Amino acid sequence: MNKPVNDGLWSGTWVAERLGVELVGDDRLTGLLGLALRRNPKRAHLLVSNVLGKHVPQSPSVVYGHGFALGRRVRDLLGADHCGRAVVLGYAETATGLGHAVADGLGTAPYLHSTRRPVPGVAPAGGFEESHSHATSHLLLPENPALLASDGPLVLVDDEFSTGNTVLNTIRDLHARYPRKRYVVVALVDMRAPSDADRLRQFAEQIDAQVSLVTTASGTVRLPADVLERGRELVAHHEAAQQTQTEPPRADASAVEGTAEYETSVVPGQRGAGRVRRVELRWPRGVPDGGRHGFTPVHRGRLERALPAMAARIAEALPRGARRVLVLGCEELMYAPLRLAREVEQVVEAEVRYSTTTRSPVLAVDDPGYAIRTRLIFPAHDDPADGPGERYAYNVAGGGFDAVVAVVDSTADTPELHAPAGLLARLAAHTPHVLLAVVPAYLPVPPHAPERSPMLPEPLRGPAFSSYAPDEVGWLLQDLSDVTLEAPTEEREEAIQSGGAHYAESLPVEYQPSEQYQELFHTALTASAARIAQAVGVVTETILAELPLRRRKSAGTEETSGPGPVLVSLARAGTPVGVLMRRWARFRHGRDLPHYAVSIVRGRGIDTNALRWLAAHHDPRDVVFVDGWTGKGAITRELARAIREFEEREGITGFDPEIAVLADPGSCVRTYGTREDFLIPSACLNSTVSGLISRTVLRADLVGPHDFHGAKFYRELAGADVSNVFLDAVSQCFPEVADSVDTAAKELLSTDRTPTWEGWAAVERISEEYGIDDVNLVKPGVGETTRVLLRRVPWKILARAGAGADLDHVRLLAGQRGVPVEEVGELPYSCVGLIHPRYTRGATGADGRTVTR
């Protein structure tokens, strides 16, 4: 193909003609944006920026100039006094460079961008979800947490606003921790519908803050009613056509011994002799590679002074006579390559362009009226937290570049980058010269750890704490039974959603089941006890079979022996499951496995004092974390992040963050008893089926730095306690399922159990479809739906058509609370509970029943 120049034809023409999509608004919109297609159940089209430097190679001066100009407008809006106290926050991955340029425009503001790359040893200062994206979890990892704690204006920068959900999620999270009076939202284009703009105004009123908006252009996207169906058909048609074409052979790479260069073979029919070599930048020591951990005005000054010399080294390494050069950044690493490219542009005669690689999959169509002309596919090369996967570089192949300068940070300079199918080989197949410039990844120096109490208390045990036998479980918790922590459900919901409190700072009033509901519990237990026993046996046998292999992998030796698994359940839903797994190991193998319960809190992490106690008493390699079921996988991610941070900070290694669960309907883990979403009766009740223990509590005035998280023992509910009734009913079924467990466990061990995260995708789809801004208000699965009905203010229940007796208790609870149950056809779960998305106590009637929307 020819290089992707559109010769006056709008790069959204192809999509507009085939789908009937229209951009309506400022005259500048078609110059700023093109259109492409992607495989996405929520939005068929993609707005492709021509000035962002992500998908479309553009002059670095143009890219930087747009961001810098927006920063100047923000400076004028705030005035000198407020501008001097402002902090700029950009969004990963697309707006990391844009946000940094905006901060440069303000001149005196420090900069931070969110990240999807957890960094060992750096504790998150916040986080939020991006519900419309294919990769949603954002972390905030400032080296200095005080960066976000000031009360000055917070400037939030994204490339586009489509719904405003991401901004709402961010402000909601940060305002709860660090309230302030002024926010400025900045974007290249504002494409929100009027209703979305109203939501932002209403939200600002709710938190009593001023929210201003600064954009380059604004408008809306008009879509025909059948755009999703037509888009899916169009994508499927072109993908099928592309698959039938003969794919050229991949370039092979071989290192040249003793040098930093290697040659790649020329792919027939494509340009390039494929020479790849390094260029040493001599990046200034101590200057961060970007804003992942914060970037201060002092850093900015040092970088400005070092840029000319670094650009000169790149210019010297470029081939003589090069007429067209691309500087290619790497995902979140956008600002450093942009500044280098802009400086190179000033000192070479060649036409310099800038773009970056991305995680986002987009259909490529070689047509001058389409924004994404070509696509290079290569494996991820920075050891991402969500595992291996494909990455992309758009409009590079066929771009007529005589040289490409690939700029990565040192974390991404891995064997995968240099592999035969890696990014460098892909680039070398399309250009004669590839330069690799590596920026050292900035890792904050961890602060001096404060002195800790050397003594941690022994676990709490029944009957003094819980109705379980003392050998069944040891609770690594502190007893808060004498503290009043309960609040009415409606008050808790309002405080949680307004950002006034975290859900772990209080407890809901314990639900007292009616006689009809208790009868339903016993009926469900009788019907499902054998099914649960089967799942308990399968997950326990899987752990016993795989632990020796895990020990060997962890040790890097042939060592496989050890005392055996140490079960550590996540209180409290995981605790009955941990007890049952312990009982199975004793029944089937005569082994008494240690079992403890620890607290983990979404957004706050796992109890690190509990981890220290475990490491002092057991080999961390033997610890197996246990939970009841998976919903959308939030706790799975929380645990993985918390373990990484703990090991880096404490120097204690060996804990495996994988969770073993009874049921994995969300396909979030690889160790499970079943992936069916069925009624586990322990989800029907609260403390009365969990040893009379409350959910865990983490509140600063009650839990000190050397304390375990807290919980209450509801001794007064002993008359209604069915904890051991549940355990005994399931345990009695062990003999009858023993043979089938052996067969099922062997089959499971031989199958591919890689998580697909199907549940998370469903939650994102439901969140978008039902207009729920916060994915944390979507609770998938029977267990989570039951919790919504017992603890939160439910809005409606989605039930899979044909789901039978497993949902009887859900229908009963929904009827008692006046919550509609809506049957839907396509649902990977038996049911999904939706928490009221904009709850205040005024949203319910006097009887506390939910309103309809």
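For the structure itself, consult the block above.
What comes next concerns the included structure. (Residues numbered from 1 in each chain as written. Predicted model: local features only at pLDDT ≥ 70, side-chain atom pairs only at ≥ 80, totals over all residues. Heavy atoms only, no water.)

1. Section: the overall build of the chain
This is how it is decided: Numbered from the N terminus, helices here are DSSP runs of H or I no shorter than four residues, and strands are runs of E no shorter than two. Throughout this description, buried means an accessible area under 20% of the type-specific maximum (1.4 Å probe, protein chains only), exposed means over 50%, and partly exposed covers the range between. Per-residue and other accessible areas were derived by the Shrake-Rupley procedure at a 1.4 Å probe size, with only the shown protein chains allowed to occlude residues.
Helix and strand content of the chain: 21 helices and 35 strands. Taken over 853 residues, the chain has a buried fraction of 60%. Element-wise, carbon and sulfur atoms account for 50% of the exposed surface of the chain, whose accessible area totals about 33,000 Å².

2. A look at the sheet that holds strand 5 (residues 111-113)
What counts is decided by this rule: A pair of strands is treated as paired once DSSP finds two or more bridges between them. Lines are fitted to the C-alpha atoms to define the axes, a helix being fitted only along its stretch in contact, and any angle between axes, read from their N-to-C directions, falls within 0 to 180 degrees. Contacts were defined at the residue level, with two residues in contact if any of their heavy atoms lie within 4.5 Å.
Judged by pairing direction, the sheet is mixed, and its 6 strands sit side by side in the order 1-10-9-8-4-5 without closing on themselves. Strands with a single pairing partner mark the edges of an open sheet, and in this sheet they are strand 1 (22-25) and strand 5. Averaged over all pairs of adjacent strands, the angle between their axes in this sheet comes to 25 degrees, without regard to strand direction. As paired elements, strand 4 (residues 87-90) and strand 8 (residues 154-161) share 4 bridges and run parallel to each other. Looking across to strand 8, one finds that Val88 is bridged to Val155. Along the sheet, helix 5 (residues 165-177) makes contact with strand 4, strand 8 and strand 9 (182-190), crossing strand 8 at roughly 160 degrees.

3. As for helix 3 (residues 60-83)
Applicable threshold: The span expected for a helix works out to 1.5 Å for each residue beyond the first. Fitting axes to the seven residues ending at a residue and to the seven starting there, one defines the bend at that residue as the angle between these axes.
Across its 24 residues, helix 3 extends only 26 Å between first and last C-alpha, which sits more than 12% below the 34 Å expected from 1.5 Å per residue. At Leu77, helix 3 shows its maximal bend, which comes to roughly 70 degrees. Among all positions of helix 3, only Pro60, Val63, Tyr64, Gly67, Leu70, Gly71, Val74, Leu78 and Cys83 are buried. Elements in contact with the buried residues of helix 3: helix 4 (96-106), strand 8, strand 9, strand 10 (210-222), helix 9 (335-347) and strand 15 (351-356).

4. Remarks on the pairing of strand 19 (residues 433-439)
In terms of burial, strand 19 is a largely internal element, 5 of the 7 residues being buried. Pairing geometry for strand 13 (residues 275-278) and strand 19, over 4 bridges, is parallel. Paired with Val276 across the two strands is Val434, which belongs to strand 19. The sheet contact formed by strand 18 (residues 403-409) and strand 19 spans 7 bridges and is parallel. Within the sheet, the bridge partner assigned to Val407 lies in strand 19 and is Ala437.

5. Quick look at unusual backbone geometry
Cis rather than trans, the peptide bond between Ala92 and Glu93 has omega equal to -10 degrees. Looking at the element boundaries, Glu93 is found in the loop between strand 4 and helix 4. Cis geometry marks the peptide bond from Ala571 to Arg572, where omega comes out at 5 degrees. Looking at the secondary structure, you find Arg572 in the loop between strand 24 (566-570) and helix 14 (574-589). For Asp208, which is not glycine, the phi dihedral falls at a positive 55 degrees. The topology assignment puts Asp208 in the loop between helix 6 (194-207) and strand 10. A positive phi angle, close to 60 degrees, is found at Asn395, a residue other than glycine. With respect to the element layout, Asn395 can be found in the loop between strand 17 (390-394) and strand 18. A residue is classified by how much of its surface remains accessible, and Asn395, at 2% relative accessible area, is buried.

6. What to know about helix 14
Compared with an ideal rise of 1.5 Å per residue, which puts 16 residues at 22 Å, helix 14 spans 22 Å between its outermost C-alpha atoms and is within 8% of the ideal. For helix 14, a buried count of 12 out of 16 residues is recorded, marking the element as mostly surrounded by other parts of the structure. Among the residues making up helix 14, those that are buried are Gly574, Thr575, Pro576, Val577, Gly578, Val579, Leu580, Met581, Arg582, Arg583, Trp584 and Ala585. Looking at the residues trailing helix 14, positive phi occurs at Gly590, about 65 degrees.

7. Notes on the sheet that holds strand 28 (residues 623-629)
Judged by pairing direction, the sheet is parallel, and its 6 strands sit side by side in the order 20-25-24-28-29-30 without closing on themselves. Either end of the sheet is taken by a strand with one partner, and the two such strands are strand 20 (474-475) and strand 30 (671-674). Where strand 20 lies against strand 25 (residues 595-598), 2 bridges are found, and the strand directions are parallel. What sits directly across from Trp475, in strand 25, is Ala597. Sheet strands in contact with helix 14 are strand 20, strand 24, strand 25, strand 28 and strand 29 (659-663), and its direction is about 120 degrees off that of strand 28. Taken strand by strand, helix 15 (residues 608-617) contacts strand 24, strand 25 and strand 28, and its axis lies near 160 degrees from that of strand 25.

8. Quick notes on the packing of aromatic side chains
How we decide: Pairs were defined over the aromatic rings of Phe, Tyr and Trp, the Trp ring being its six-membered one, requiring ring centres within 6.5 Å. Orientation was assigned from the angle between planes: stacked under 30 degrees, edge-to-face over 60, tilted for the rest. Over a ring means this: the NZ of a Lys or the CZ of an Arg is within 6 Å of the ring centre and within 35 degrees of the ring normal.
This model, assessed by the stated rule, comprises 13 aromatic pairs. On the numbers, 5.8 Å between centres and 35 degrees between planes, the contact of Tyr64 with Phe68 is tilted. With Tyr64 and Phe68 both in helix 3, this residue pair falls 4 residues apart, about one helical turn. Taken together, a centroid distance of 6.0 Å and an interplanar angle of 10 degrees make the contact between Tyr392 and Tyr394 stacked. In this structure, Arg637 is placed above the aromatic ring of Trp757, and the distance from its NZ or CZ to the ring centre is 4.6 Å. The aromatic ring of Trp760 is capped on one face by Arg637, whose charged end is 4.2 Å from the ring centroid.

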